[in-house]
Amino acid sequence: QKEVEQDPGPLSVPEGAIVSLNCTYSNSAFQYFMWYRQYSRKGPELLMYTYSSGNKEDGRFTAQVDKSSKYISLFIRDSQPSDSATYLCAMSGGRGSTLGRLYFGRGTQLTVWP
Amino acid sequence: DTEVTQTPKHLVMGMTNKKSLKCEQHMGHRAMYWYKQKAKKPPELMFVYSYEKLSINESVPSRFSPECPNSSLLNLHLHALQPEDSALYLCASSLGPRKGPSYEQYFGPGTRLTVT
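Residues numbered from 1 in each chain as written. Chains lettered and ligands numbered in written order. Predicted model: local features only at pLDDT ≥ 70, side-chain atom pairs only at ≥ 80, totals over all residues. Heavy atoms only, no water.

Structural notes on the sheet that holds strand β1 (residues 4-6) of chain A
All names here are of chain A.
Here's step 1: Pairing in this open sheet of five strands is antiparallel, and the strands run β1-β3-β8-β7-β6 from one edge to the other. Of all the strands in the sheet, just β1 and β6 (54-58) have a single pairing partner and so form its edges. Direction aside, the axes of adjacent strands within the sheet are offset by 15° on average.
Here's step 2: With six bridges joining them, strand β7 (residues 61-66) and strand β8 (residues 71-76) adopt antiparallel strand pairing. Considered in β8, the bridge of A63 is made with L74. (Pairing = 2+ DSSP bridges. Helix = DSSP H or I, 4+ residues; strand = E, 2+ residues; numbered from the N terminus. Axes fitted to C-alpha atoms, helices over the stretch in contact; angles between N-to-C directions.)

Structure (structure tokens):
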């Protein structure tokens, strides 16, 4: 079992839809959770960063972390064609072998059509 | 400013060539990373420098040689590469493992490497 599981999609939605992206993980040492957006042939861009459990909102994006279920989500409201990209979840721990490392999901490919 | 820059953007090299990839950040970050990314896969960690010292080497072949001349610069020296080394090479930086609890990493645009 991989430490971070993410459905690779592809996911295709119409413009204006609410998009839900999810990851599950198995390592209880993870405390720091990130979502990256990666356009084709570009580097990953940090979208959201959350420490421990809870919600964080930034514009149209909301990140949720449920450590008890080892489950994280990214919601995109009013999705736009410019949101079409691959979304990678990533996580890190604060000690031991997880220190300084990011553990990535496989990435979900999202297409928002006009 | 959360910018990490990488040069060159594209590189084509033969299997006998020697070349270097460069990465620079001016965010005061003390941890810097090299990743390799193949198409439709997440980035794979290669090396981590923390406070200019190599702290993680993910059993990368010796034909890849990292160097951290100072806290803002990171190089990856390439020699005698194989065609299967063709990939997007990403540099990233973060505040540093000892400056927690901020662990997020900022990535550069990458160097697309083709080995012929």
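Don't stop here, the text continues.
Remarks on the state of the cysteines
Here's step 1: Overall, the coordinates contain two disulfides over all chains when judged by the stated rule.
Here's step 2: Each sulfur of the disulfide joining C23(A) and C89(A) lies 2.0 Å from the other. On the sign convention where negative means left-handed, the S-S torsion of about -105° between C23(A) and C89(A) marks this disulfide as left-handed. Here C89(A) lies in strand β9 (residues 85-93) and C23(A) lies in strand β3 (residues 19-25), a separation of 66 residues in the sequence.
Here's step 3: The exposure class of C23(A) is buried, given its relative accessible area of 0%.
Here's step 4: A relative accessible area of 0% means that C89(A) is categorised as buried.
Here's step 5: The disulfide partner of C23(B) is C91(B), and the S-S distance across this bridge is 1.9 Å. (Disulfide = S-S within 2.5 Å. Buried < 20%, exposed > 50% of the residue type's maximum accessible area, 1.4 Å probe, protein only.)

Structural notes on the sheet that holds strand β1 (residues 4-7) of chain B
One key point about sheets: their strands pair by backbone hydrogen bonds, in either a parallel or an antiparallel sense.
All names here are of chain B.
Here's step 1: Across the sheet, which stays open at both edges, the four strands sit in the order β1-β3-β8-β7 with antiparallel pairing between neighbours. A strand with exactly one partner marks an edge of an open sheet, and here the two such strands are β1 and β7 (64-70). Between one strand and the next, the sheet's axes are offset by a mean angle of 20°, whatever the strand orientation.
Here's step 2: Here β7 pairs with strand β8 (residues 73-79) via five bridges, running antiparallel. What sits directly across from S65, in β8, is H77.

Read these as geometric descriptors, not functional statements.
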